[in-house]
Structure formats: C-alpha cells, structure tokens
Amino acid sequence: MRFFDFTFILYFLPITLLIYLCLSFSKKLQNTWLFIASLMFYTTGKLMNVVVFGVSLAINYFLGLLIDGGKQKDKNTKKILIVGIICNALVLFVVKYLYLFLEKNDIMQYAKGREFDCFNAVSISFFVLRGISYLVDIYRDDATVLSNPIDCGLYMFFFPQVLAGPIMRYKDTEQFIRERKINVSNITEGIWRFAIGFIKKVVIANGYASIVDNTYKLTQTGSGLYSVSGMMAWIGAVFFVLQIYFDFSAYSDMAIGLSKIFGFECHENFDYPLAAKSINEFWRKCHMTMVQWFKDYVFLPLCGSKPKNADVIIRNIVIVCLLIGVWHNVSLTLIVWAMLNAFLIIVEKVIDFEKWKLSSIIKRLYVCIVILLSSVILRADSLFTAKEYFENMFLANKNPFMSNIPLMVLREYYMLVIPSIIFAIPTIPYIKNKISSSENVFAISLYKIISFSAVCAGMVLAICILVRGNVDTFVILKLGL
C-alpha cells in the first residue's frame, strides 16, 4: 500500500483515524489500534512480512528489557547491547541482502509470486535503525524502556514513518508513545502537510519519471538513430535530481503530515538542500534524520567525546559514508556514490571550503554540478551504465550534442521545470517571511488565499493524474534505496 493509492486515501486512512478518535478515552487502546493498523499497512496478504516484523520486535523488546534491568552491570549490559545491534544487522542482512543475492542468482526463483515478493515492498532498513536506536537510547539512559510490547512495536513499525523515514530516534519519540494530544489544529495541519507532499509526488516527481527512465534505458540499449544526444543526457540528469528530491521530500512531507494527524511530532527531513553552498551543507540539509542518526550512533561513538586527531575524523567520515551506502543497498554504484561524497566532504573540511570568500552563486553552482554528476552514478544500474551515460553527456560516445528530442522535451516540460526550480529553493519561505514581517493584514490574507487555492488546484490535478492510473512508485523503493 502506498500513500497515494486510492485504497489508502479513501479507505485505510479514514477508517484508521475514525477508530483512533473513537478510542481517545484510552491511550493504551489507541496505541494497540495504531500498531494493528501499521501491521495491516505493511503486511497485507504477506505472511513473511509478519514473521520478519515479529522476529525484529521480539529481539528489540526483550533485549531492551534486559538492558534496562542490567544497567548496574556495565560489562554485561554492553554485551547485550552489542548482541542487539548484531541481531538487527543480521535481520537486515538476511532479509534485504541475502534474499536479493539468492534471487538474482536464480536460487530462489521458485518463490516468485509467493510470500518472498513482499521484501521488495518493505523498507526494512528504516525499522532496523529504529530498533538499534531503541536499544542504544535505553543503554545511554536517554530514554526509558517500554514495558508493553505493543508500545515497542508501535515505535518500530508506525506506518507513516517506516517505509522511508523520517528516521525518528527513540528518545525523540518516547514522549509521544506515552502521551500525546490530538486536536483539530493538529489534524488540519497534518492534512495540509500531507496534501503538499501528495502534490509533490504525484504531479512533480511523477512527471519526470518517464523521461528519466527512457533516457537511462536508451543509454544502455540505444545506438545510431536511438542514441542519446549530449543535451538529452544532461536534461535526463537534471530531471532525475528534481525527481528524486521531490519524490523523497514528498514522502517525508506525507509522513510528517500523517504523524501529526495522529498526534506525533516528526523532525524535518529536508531543508532545501539544492540551495546549499557546499557538499557539507548539502548533507546537513538533505535526509537530515538519517545523517543525524549516523552521527549520533556511529560517528560520535567512533570519534570519542573530543576527537583531535584529523586522521581519526577522516577515517570515521569514510566509515559512516560507506555504511550509509551499504545500508541503502549493496551495489557498486551506491558504494562509489557514497565514497565520492566522503571524498568531497573530507576535501572541503581540509581546505575549510565553507569559509572561502566566493560568490554564493559560484558555490551553489559547484554544488549543483557535483550533485548532478554524482546522481548519474546513483541512478545507473551499473558502473558501466554510468560510464556510458557520462560519455553521452560529454559527447565521448560519438553521439550528437543536439537532436529534436531534447527540444521537444523542453517545450513540453518547461511548465513543470519552472515551478520545480522555484519550489526546490527557499522561494516560498522567503516570500512568507517577508509578508509576515510586514504585518500587512491584506498581504497576509492574500497570501493565505493564494496558498489555499494553489494547494486545492494541485490536489485536483493530482487526483486527475491518479485516476489515469500512471503514477510511478517512490523512487527510493524503485531503486532499492
């Protein structure tokens, strides 16, 4: 089930919310219902999903109790924590990596169409990180253990957040598991945020899908008359950057909105990263909850309280970037992409790039070019495809620079590209802040009317696209990220 499916919007969400509101007299019953709803969301018709979720929940719940009960025995408690981290890593390895390896090598082809297909639809990587966060935060005394397994399961599998984030640390979520408020204001704000994400996904991100997919397919198979021109390769790369940004940020918007509807607060996951002036700043603004998770649970423990040795810091940056790449998926393209980012982050820190007195335009142009080129590696099926794509971009494949196709694409897509660029940089927040600071009642009212009208028009357009039935799945799931 996906957030933009009619089944979710018309049936699952209203029924889940209605029953949740009817149970407002008991937080325990509300948590139980949300846990059941989350299981239904992820495991509908898939027995193996239930097994995987059950195993993961049992591991973290019981080890969490052991860690909480043995806090006075530091060595034994630390051993339990290490066992818990290893167990979570094994769940990720067996379910996501071993299965995919066996499937690709035709060892488990008999399972196709049966229970094992479910693993392609479940982003297990995210709830594994939540499980580790649960154990570590209890060990550090940053949060208290959940004595009810239902509450523990709700934290791990809460349906708005697990598929692709935001990755909420347990210490930031515990208070909402135990006590939360739900009111009309939360519901309306949540619906508004969900609607924005819905439009970004269905109208904007989905609009680029066919061009990006076909450009990469032609890179692999096209030649002669069907070769990809240099201009088309650059357009395809730009479109993919816009596609994955709006796709991923759309999911985060919808997840944050849905969480708010049920009384949970989430951290922001994106802060206009495409407007960053360095790669370091880009990763402080992009997928922020993932970066924060790896910083808290990997980088800082490896560095110690006050790291002074530059070699140690560089080593740990490489380790973290490598783990992020492998966590997404075990593929050469992702590992190369992760190592490229690690190299650029380290170089910028060594030369103190962020303090260079360069024009903001030059710095932003540098970031855009780097992100554009690295995204080719991220999107390519293999390093060979990435090489072919780069050759098309730089006319090293005996391909023409220009053809009729890119001109036709630009004519048809400029009405999508222009608003995409406007929304990809902090244009709207800038306008909103200017209007709010002016304290002009007419301007504020006009801004609200225009905003409401724009979202309503966007929702109508998105629903029309959904009715046509040609909405692609989330890119991060499609690429196995």
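Since the structure is predicted, the reported quantities are computational estimates derived from the model, not experimental observations.

## Comments concerning the overall build of the protein chain
Assigned secondary structure in the protein chain consists of 20 helices and 0 strands. In the protein chain, which comprises 481 residues, the share counted as buried stands at 49%. When contacts within the protein chain are restricted to residue pairs at least 6 apart in sequence, those whose partners lie at least 24 apart make up 78%. Accessible surface for the protein chain amounts to roughly 23,400 Å². Of this, 68% is attributable to carbon and sulfur atoms.

## Focus: the environment of Ile421
Structurally, Ile421 can be placed in helix H17 (residues 404–424). Of the residues examined, Ile421 reaches a relative accessible area of 45% and is grouped as partly exposed. Counting along the chain gives 147 residues from Ile421 to Leu274, while the straight-line C-alpha distance between them is 9.4 Å.

## A short note on the packing of aromatic side chains
Applying the stated rule across the entire model yields 39 aromatic pairs. Ring centres of Phe12 and Phe159 lie 5.3 Å apart, and the angle between their planes is 90°; on these two criteria the pair is classed as edge-to-face. Of this pair, Phe12 sits in helix H1 (residues 6–22) while Phe159 sits in helix H7 (residues 159–162), and the two are 147 residues apart along the sequence. For Phe12, a relative accessible area of 10% corresponds to the buried category. Looking at Phe159, the relative accessible area reads 0%, which means it is buried. With a centroid separation of 5.1 Å and 70° between ring planes, the pair formed by Tyr245 and Phe246 is classed as edge-to-face.

## Concerning the packing of helix H10 (residues 230–261) against helix H16 (residues 383–393)
The contact between H10 and H16 brings their axes to 7 Å, and the two run at 120°. Judged on the interaxial angle alone, H16 and H10 are oblique. Every residue of H16 that contacts H10 at Gly230, Met232, Ala233, Trp234, Gly236 and Ala237 is listed here: Tyr389, Asn392 and Met393. Class assignment for the residues of the contact of H10 with H16 results in 6 nonpolar, 3 polar and no charged.

## Overview of a nonpolar patch on the surface
On the surface, a cluster of nonpolar side chains totalling about 760 Å² of accessible area is made up of Ile314, Val318, Phe343, Val347, Val350, Ile351, Trp356, Leu358 and Ile362. The set of elements that each furnish at least two residues to the nonpolar patch consists of helix H13 (310–328) and helix H14 (332–351). When residues in the nonpolar patch are grouped by element, the largest group, 4 residues, is from H14. On the basis of relative accessible area, Val350 is assigned to the exposed category, the value being 61%.

## Notes on the nonpolar core
In this structure, Phe159 and Phe262 are the most contacted members of the largest nonpolar core, which totals 134 residues. By residue number, the principal contributor to this core is H10, which donates 18 residues. If near-sequence neighbours (up to four positions away) are discounted, Phe262 is found in contact with Leu13, Thr16, Leu17, Tyr20, Leu34, Phe158, Phe159, Arg180 and Ile182.

## Some words on the pattern of salt bridges
Scanning the entire structure with this criterion turns up 18 salt bridges. Lys285 is the salt-bridge partner of Glu281, the closest N and O atoms lying 3.8 Å from each other. With a gap of 4 residues between them, Glu281 and Lys285 both fall in helix H11 (residues 279–285), about one helical turn apart. For Lys285, a relative accessible area of 18% corresponds to the buried category. Here Asp352 and Lys355 are joined by a salt bridge, their closest N and O atoms 3.9 Å apart. Residue class for Lys355 comes out exposed when judged on its relative accessible area of 65%. If you follow the salt bridges from partner to partner, you end up with Arg193, Lys200, Asp253 and Glu268 in one network.

Here is what the cut-offs are and how they apply
- Residues numbered from 1 in each chain as written.
- Predicted model: local features only at pLDDT ≥ 70, side-chain atom pairs only at ≥ 80, totals over all residues.
- Heavy atoms only, no water.
- Helix = DSSP H or I, 4+ residues; strand = E, 2+ residues; numbered from the N terminus.
- Buried < 20%, exposed > 50% of the residue type's maximum accessible area, 1.4 Å probe, protein only.
- Contact = heavy atoms within 4.5 Å.
- Areas by Shrake-Rupley, 256 points an atom, 1.4 Å probe, with all protein chains shown as cover.
- Phe/Tyr/Trp six-rings, centres within 6.5 Å; stacked < 30°, edge-to-face > 60°.
- Axes fitted to C-alpha atoms, helices over the stretch in contact; angles between N-to-C directions.
- Parallel < 35°, antiparallel > 145°, perpendicular 65-115°, else oblique.
- Nonpolar A, V, L, I, M, F, W, Y, C, P; charged D, E, K, R; others polar.
- Patch = residues over 30% accessible without salt bridge, like charges linked within 9 Å, V, L, I, M, F, W, Y side chains within 5 Å.
- Salt bridge = Lys/Arg side-chain N within 4 Å of Asp/Glu carboxyl O.
- Core = buried A, V, L, I, M, F, W, Y, C linked by side-chain atoms within 4.5 Å.

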